[in-house]
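Structural features, examined
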Amino acid sequence: QFLMPLVFVHGFLVLSYYAEFVYKCDDFYHPEDEGGIIYNDPSISIKWPDIEEVILSEKDKMNPTLDEEKMMF
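Our subject in this report is the structure included herewith. (Residues numbered from 1 in each chain as written. Predicted model: local features only at pLDDT ≥ 70, side-chain atom pairs only at ≥ 80, totals over all residues. Heavy atoms only, no water.)

**Considerations on the overall build of the protein**
Within the protein one finds one helix and two strands. Its helices and strands taken in sequence order, the protein reads β-β-α from the N to the C terminus. Each of the three principal axes of the protein carries a C-alpha extent, and together these read 35 × 30 × 20 Å. Relative to its 73 residues, the protein shows a buried fraction of 10%. Counting every atom, the protein has about 6900 Å² of accessible surface; 58% of that belongs to carbon and sulfur. Computed over 5 positive and 15 negative side-chain charges, the inter-centroid distance for the protein is 1 Å. (Helix = DSSP H or I, 4+ residues; strand = E, 2+ residues; numbered from the N terminus. Buried < 20%, exposed > 50% of the residue type's maximum accessible area, 1.4 Å probe, protein only. Areas by Shrake-Rupley, 256 points an atom, 1.4 Å probe, with all protein chains shown as cover. Lys, Arg positive; Asp, Glu negative; His and termini not counted. Charge placed at Lys NZ, Arg CZ, Asp CG, Glu CD.)

Written out as structure tokens, the structure is:
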């Protein structure tokens, strides 16, 4: 279990068939305050492992790059 601080950018990569991830936030969930950054944004340069297929939710597929994101992270 992880504590996600206010305006904390985070991401998860699951390499197994099944995973359960639990986290706590500083307040109740407010969907209108949710934002995101596409996982493979070249300006961030995260070194993801080579995997055959990346499975993203439809919501995560729509995430902008850090430069395009309007939230203040």
